[in-house]
Amino acid sequence: MINADLCACRCCSPKPCTPRVLSEVFEVNRCWYNGGRDCLNQCKTKYPNECRPDNAFAVPFCQSSSTISLNFFLISHMGFVQSLFHSDVNPLNHKSRTLPLLNVVDKYGRTFHLSWIGFFVAFLSWFAFPPLIHDIIRKDLQLTHSQIANSNIIALLATFLVRLFVGPLCDRYGPRYVMIGCLLAGAIPTALTPLIKDATGLIIIRFFVGILGGTFVPCQVWTSQFFDKNIIGLTNALAAGLGNAGGGVIFFLMPAVVFHLMYNHDISQYWAWRIAFPMGPLVIILCVTIITLIFGHDTPTGPWSTRHLYEDRTVDDGQIAIEDELPHNSNIDEHPEMAEITSKTEDELSHFLSNSQIPPTTHVAPPAKEFNDVRIVAEKDELPRTSVVIDLLKIASSSQTLLVAIPYLCSFGSELAVEGVISDFYIQTTKVYDGKVWNSQTAGNWAAIFGLLNIVTRPLGGYISDVLYRYKGLNAKKWWIIFLGVIQAIFFICIGLTKLKIYTLISLMTGLAIFIEAANGAVFALVPSIHPKFNGVVSGVTGAFGNVGGVLFCLIFRYLGTDYYKALWIIGVCCLGCNLGIIWIPLKNTNKQEHI
């Protein structure tokens, strides 16, 4: 439309609430003639649900189309950039609706980074053995294949026990102190690594080093306390993905350090791998522990013990809508934006529309009294509750907990098992099918790709889960998990039933890693919505199931020896059955109050 003006819609659903600007702009007739009426009609046509006759109004822009289009382009992109630096705090639960990834001064951004860094450095000791154990450590300690497999299983068994234990501890003492405790407990056996003399000593040290794997639970619970539901899937997945990348980094780091000590400093193989643990992982773990203690926050409002003092008192039972009370087609699962009331006032929006300026994103909304008319404002039982034994048993055995625990058993369990043997798998493949001989450093470099993909793939799984929730509701997260689990299983079966040369194998293993790690992110995008009052318990049980899967799949590798291909297709069949089996588990409506 030549010389046309543009308009933007402001709509409110349900009414009354603070209106929000819809991103799309429309061409209309001249502003001072019929532009306002044309704009409003187009808004109602384009957005029939959001812009109903009783709640929609529009403001035309009396500027040229090219100018206003450029303004909106800059505004939309600058808004995203600002969200990387500033937190947008929900005044009802004090959680951020944005992820200030590039601002460590902001307590929300700082908490996010401390959570994933704590999990990351745990891998530097926890997974430091696999890239060395099939070559250097095996030769030094004269280990058999069964002894190597036993040490892998024992390490995962320890993590399973710790994750069960630290879940309730997070609900009682807060995830920050639990994170610190896990790091300190794992630092002690890391410092004692030089004392290993034989297979028994290796198994004992690896058992206690496995405590570090428990840092995953406080990592996820901690971020869940600081970030709201609209972004928690991406936040949890990104924190876990960055942390999991430590498992890939260590495949590069440990062989490089050991070979550097051996060939550049003339240190014997006996001492090189032993002193690599205290000089590398131990120092880093202790530094991160001190930083977490000094600069970390228990909750957005202060110490963990005072978290209940900041529960929103203006919200009464009549303002918390359950499914039966909602208007037709207004289920909160189907319209999640209804629960995400923006903090911008109408005056700010008018200023935004008239001046084309970017409103501040770091803004705590006005007092809760302005939301008294809003029927859905928060979940009354959103704050974590201290668990007792009966609660723990009920939550752990509920079908909804199994809905996330079983897929995680397959995804993270298989990831742990594969990372324990992947270096030797590549060495064996090059020897048998390529006629080459790879050392542990070369195999470790290629194996590192499997873990490093977590930086991208795990956050991607959580992000897509958030997007699906926004448009299709909570049930879409369940189907996303199942889809990823089935594709993961297909990859396992295809790799296991074919005999491949090394670079083709690496390509397929990379594809497998993408779906495994995306599934990990998708699972923990759903975990905070399962039982919000007992998030620590659900996170702990789900994380522990991941280690159960690791133990079970490691047993398959143990008893099949070096027949890795057969082990892989067996794991694929197990994963396929488990993921199809959870289809029949209903997803409980978590917006209803839990009576546990």
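Quantities reported herein were computed from a predicted structural model and do not represent experimental measurements. Along each chain, the written sequence defines residue order, and numbers are assigned to residues from 1. Reporting in this predicted model follows two pLDDT cut-offs: at least 70 for local features of residues, and 80 or more for side-chain atom pairs to be given and counted; totals over whole chains, interfaces and linings ignore these cut-offs and use all residues. Water and hydrogen atoms play no part in the side-chain values, which are based on all heavy atoms of the structure.

**Re the overall build of the chain**
Part 1 of the reasoning: Segments assigned H or I by DSSP are reported as helices when at least four residues long, segments assigned E as strands when at least two residues long, and all are numbered from the N terminus. Counting its regular elements, the chain contains 21 helices and three strands.
Part 2 of the reasoning: Residue exposure (1.4 Å probe, protein chains only): buried if accessible area is under 20% of the type maximum, exposed if over 50%, otherwise partly exposed. Across the 596 residues in the chain, those meeting the buried criterion constitute 56%.
Part 3 of the reasoning: In this analysis, two residues are considered to be in contact whenever any of their non-hydrogen atoms come within 4.5 Å of each other. For the chain, contacts bridging at least 24 residues in sequence account for 79% of all contacts bridging at least 6.
Part 4 of the reasoning: Exposure was quantified through the Shrake-Rupley algorithm and a 1.4 Å probe, taking into account, for residues, occlusion by the shown protein chains and nothing else. Counting every atom, the chain has about 23,900 Å² of accessible surface; 65% of that belongs to carbon and sulfur.

**Some words on the nonpolar core**
Part 1 of the reasoning: In terms of nonpolar packing, the biggest core is built from 124 residues, with Ile-137, Trp-273, Tyr-426, Leu-505 and Met-509 touching the most fellow members.
Part 2 of the reasoning: A per-element tally of this core places helix 15 (residues 399-434) first, with 14 residues.
Part 3 of the reasoning: Beyond its immediate stretch of four places on either side in the chain, Leu-505 contacts Phe-425, Tyr-426, Thr-429, Ile-495, Leu-500 and Tyr-565. Put simply, buried Ala, Val, Leu, Ile, Met, Phe, Trp, Tyr and Cys residues joined by side-chain atoms within 4.5 Å make one nonpolar core.

**What to know about the packing of helix 6 (residues 145-173) against helix 9 (residues 216-226)**
Part 1 of the reasoning: For every element, the axis is a line fit to its C-alpha atoms; helices are fit only across the contacting stretch, and the angle between N-to-C directions ranges from 0 to 180 degrees. At their nearest, the axes of helix 6 and helix 9 sit 9 Å apart, and the two run at 30 degrees to each other. As the angle between them shows, helix 6 and helix 9 are arranged roughly parallel. Considering only the axes of helix 6 and helix 9, their crossing is right-handed. For the pair helix 6 and helix 9, the contacting residues are Arg-163, Val-166, Gly-167 and Cys-170 in the first and Phe-216, Val-217, Pro-218 and Val-221 in the second. Roughly parallel covers angles under 35 degrees, roughly antiparallel covers those over 145, roughly perpendicular covers 65 to 115, and oblique covers all other angles. By convention the crossing between two helices is left-handed if the near helix lies anticlockwise of the far one by an angle smaller than a right angle, and right-handed if it lies clockwise.

**A look at the pattern of salt bridges**
Part 1 of the reasoning: Counted as salt bridges are all cases of a side-chain nitrogen of Lys or Arg within 4 Å of a carboxyl oxygen of Asp or Glu. Counting across every chain of the model gives five salt bridges.
Part 2 of the reasoning: Between Asp-135 and Lys-139 there is a salt bridge whose closest N-O contact spans 3.1 Å.
Part 3 of the reasoning: A relative accessible area of 14% places Asp-135 in the buried class.
Part 4 of the reasoning: The partner of Asp-140 in a salt bridge is Arg-274, with the nearest N and O atoms 2.7 Å apart. Pair noted here: Asp-140 is in helix 5 (residues 136-141) and Arg-274 is in helix 12 (residues 269-295), with a separation of 134 residues, a long-range link.
Part 5 of the reasoning: Classification of Asp-140 by relative accessible area gives partly exposed; the value is 21%.

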